[in-house]
Every structure is written in C-alpha cells, then in structure tokens.
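Listed here are the chains, written in short residue letters.
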Amino acid sequence: MPVSQHTIAGTVLTMPVVIRKADQHAAMFSVDAKAAQRLIDYSGLQVFEYLPGRAILAQLLVRYIDGDLGKYHEYGTAFLVNKPGTHAAGIRAMAQAANFIHHLPVDQEFTLEAGRTIWGYPKIMADFNVRDGRKFGFDVSADGHLIAGIEFSPGLPHPAPKLQHITTYSHLDGVTREIESTMQTTGVRTRLGGAKIRLGDHPYAKELATLGLPKRALMTQSVANVEMSFGDARAV
C-alpha cells in the first residue's frame, strides 16, 4: 500500500502522524443522553448510554510537546458514541464505544490547518491559560470570550494500560469521518470526582450548559506522558 502524504503550510506530513510526547488532563461528566444526542445529531452518530438515559461527556486539555504537528495546546469536547451500525449500552460495553470530537480549539495555526484538512477535526483558534501546581487548572477562550475553566485535584497513580487502539469520529463540512489511532501512556493518575468546571459566555459554553453543567466530574484522569500515532481519516 502506498504511503499517504499531506502538504500543510508547505510542510509534507507522511502518515501516520506521530506524537512523541504530550501530557493530558481529562474530566468525564455524566450528562443527559437526550440532550447530548441533540448536540451531535448533525454527525449521524448515536451517543453511548453507559446507564439508561445517561451519556459521557469528556473535557480534555492536551499539551503537545514533541510531535509532527509541533508544540501546542488543545481543548476537546468529546462524547462517547456507538460505532455506526452498533447499539451497545451499559457499563460493561464501554470498551466498545468510540469518541466523537464535538469541539477542538487549539492555539497554533499549523495544527489547526492539519487537523481540519487531514482528519476533519473541528479545530478553531483559541487562547489558553494553564496553571501548574498541586491543583492543575486551565482556562480556554476564543474570540475574547471564555469557553470554560477547569480545576483538577490530584488523582492516585496506577499502572498504565497497554497500547490502546482508539476509534475517533469527527465532522466537518457535512462529512463524518472515522480516524484510527494508537496511544501509549505512562504516569497515569485517576480519581472519582476531582474536577470543577466553570463556564463562560462563549457559544460553546452555552452548549455545555444545556447538558446540565457546571457540576462536579464523574471521574478525572491525568497522564504525564502520551505517545500517539494517527492514521488517515475515512468518510463514513
């Protein structure tokens, strides 16, 4: 099979795109499944219900330190969804669920163009204020308006999972796409609860409010080092 390449801002990227070092903070919230479904109906995908009438919303901050797309910050709003043609539900079936990226603000132009062009990720430009310390926190704003601020309490360390194969979906310009990736993590900490979210007045924040936020997270996780590999997108 020939190697796929993409030219972004004069730079040739050979697939798969590799992230050699990043760190990540994620907060998972339990939200009303019907409200979540209304937000992502445009994708044609179905939210995964881990409990009857309940869906999982993830709020993530990833700091990319070394990789093919350069150094940048990324804030993600993602929902657990069923893969097309499947209708799984329940806690035991969570491993079968995929991730749908609903919003994905970043703070560098190169990754914005690469993300939108190669994978159809809905990236926009944003500003980030990150606070390291015993309690990690960040604020993300776009067009001068706060989207959200999240403060994390430290979790408990535990063994990292083996190499993970992840299916992610995106939607841009009327097309839903499927992206296969791998992820290897070290320095993983997890806890129940552990995060508070504060919403601003940006339109993205108003969407989050329709899900019942702000409230405490169901679970939080931090990862000291993330290595990733992304293949090409496939329209579904």
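What you are looking at is a predicted structure, and each value in this text was computed from that prediction instead of being measured. Per chain, the residues get numbers from 1 upward, laid out in the order the sequence is written. With pLDDT at 70 or above as the cut-off, local features in this predicted model cover only qualifying residues; side-chain atom pairs require 80 or more to be listed or tallied, and sums for whole chains, interfaces and linings still use all residues. Water and hydrogen atoms were dropped before computing side-chain values, which therefore reflect all heavy atoms in the structure.

**Student:** So what exactly am I meant to see when it comes to the pattern of salt bridges here?
**Tutor:** Side chains that carry opposite charge are capable of pairing whenever their charged atoms lie near each other. A side-chain nitrogen of Lys or Arg and a carboxyl oxygen of Asp or Glu constitute a salt bridge if their distance falls within 4 Å. Considering all chains together, one arrives at 8 salt bridges under this definition. A salt bridge links Arg20 to Asp66; the shortest N-O distance between them is 3.3 Å. Linking Arg20 in strand 3 (residues 17-32) with Asp66 in strand 6 (residues 54-67), this pair joins segments that are 46 residues apart in sequence. Across the pair Arg198 and Asp139 runs a salt bridge, and its minimum N-O distance is 2.9 Å. Highlighted residues: Arg198 in strand 16 (residues 195-199) and Asp139 in strand 11 (residues 136-142), separated in sequence by 59 residues. Take Arg198: its relative accessible area is 44%, and that puts it in the partly exposed class. Think of it in three bands: residues with accessible area under 20% of the maximum for their type are buried, residues over 50% are exposed, and the middle band is partly exposed, with areas taken using a 1.4 Å probe on protein chains only. Relative accessible area serves as the criterion here: at 15%, Asp139 is assigned to the buried category. Going along the chain from the N terminus, every DSSP run of H or I of four or more residues is numbered as a helix, and every run of E of two or more is numbered as a strand.

**Student:** I'm lost on a positive patch on the surface in this one. Help?
**Tutor:** Patch criteria: residues need more than 30% relative accessible area and no salt bridge. Like-charged residues are merged within 9 Å; nonpolar side chains of Val, Leu, Ile, Met, Phe, Trp and Tyr are merged within 5 Å. Using a 1.4 Å probe, accessible areas were evaluated by the Shrake-Rupley method; residue-level cover was limited to the displayed protein chains. Counting rule for charge: Lys and Arg are taken as positive, Asp and Glu as negative, and neither His nor the chain ends is counted. To locate a charge, take atom NZ for lysine, CZ for arginine, CG for aspartate or CD for glutamate. On the surface, Arg134, Lys135, Arg191, Lys196 and Arg216 cluster together into a positively charged patch. With respect to the helices, strands and loops of the structure, Arg134 is situated in the loop between strand 10 (127-131) and strand 11. Since its relative accessible area comes to 68%, Arg134 is described here as exposed.

**Student:** Which parts of the structure should I look at to understand the sheet that holds strand 11?
**Tutor:** Paired through their backbone hydrogen bonds, the strands of a sheet run either parallel or antiparallel. In space, the 4 strands of this open sheet follow the order 10-11-12-16, with antiparallel pairing throughout. The sheet is open, and its two borders are formed by strand 10 and strand 16, each paired with just one other strand. Taking each pair of neighbouring strands and ignoring which way they run, the sheet shows an average axis angle of 10 degrees. Should DSSP find at least two bridges between two strands, the strands are taken to pair. Between the N-to-C directions of two axes lies an angle of 0 to 180 degrees, each axis being a line fitted to C-alpha atoms and, for a helix, fitted only over the stretch in contact.

**Student:** Looking at this model, I keep getting lost on the pairing of strand 15 (residues 175-192). Mind explaining?
**Tutor:** On a regular strand, each side chain points to the face opposite its neighbour's, so the side chains alternate between the two faces of the sheet. Pairing geometry for strand 13 (residues 156-158) and strand 15, over 3 bridges, is antiparallel. Looking across to strand 15, one finds that His158 is bridged to Val188. Hairpin connection, strand 14 (residues 164-172) to strand 15: the antiparallel pair is bridged by 2 residues, and Asp173 has positive phi, about 55 degrees. Sheet topology places strand 15 next to strand 17 (residues 219-235); 14 bridges connect them, and they run antiparallel. When the bridges of strand 17 are listed, Glu178 appears paired with Arg234.

**Student:** Looking at this model, I keep getting lost on helix 2 (residues 109-119). Mind explaining?
**Tutor:** In an α-helix, one turn spans 3.6 residues, which is why side chains three or four residues apart end up on the same side. Along helix 2, the positions that sit buried rather than exposed are Thr111, Leu112, Ala114, Gly115, Ile118 and Trp119. Gly120, located one to two residues past helix 2, shows a positive phi value of around 70 degrees.

**Student:** I keep staring at the side chain of Asn225 and nothing clicks. Help me out?
**Tutor:** For Asn225, the location among the structural elements is in strand 17. Residue classification places Asn225 among the buried positions, given a relative accessible area of 14%. Polar contacts, as counted here, are pairs of nitrogen or oxygen atoms within 3.5 Å of one another; within protein the pair requires one atom able to donate a hydrogen and one able to accept it, and residues that are adjacent in sequence qualify only if both atoms are side-chain atoms. At 3.4 Å, the side chain of Asn225 and the side chain of Lys21 are in polar contact. Throughout, a contact is declared for two residues whenever any of their heavy atoms are within 4.5 Å. When near neighbours in sequence (up to four residues on either side) are disregarded, Asn225 contacts Arg20, Lys21, Ala22, Gln184, Thr185 and Thr186.

**Student:** So what exactly am I meant to see when it comes to helix 1 (residues 33-40) here?
**Tutor:** Across the 8 residues that make up helix 1, a large majority, 6, are buried. Within helix 1, the full set of buried residues consists of Ala33, Ala35, Ala36, Gln37, Leu39 and Ile40. The backbone nitrogen of Lys34 has a side-chain oxygen 3.2 Å away, supplied by the residue at the start of helix 1, namely Asp32.

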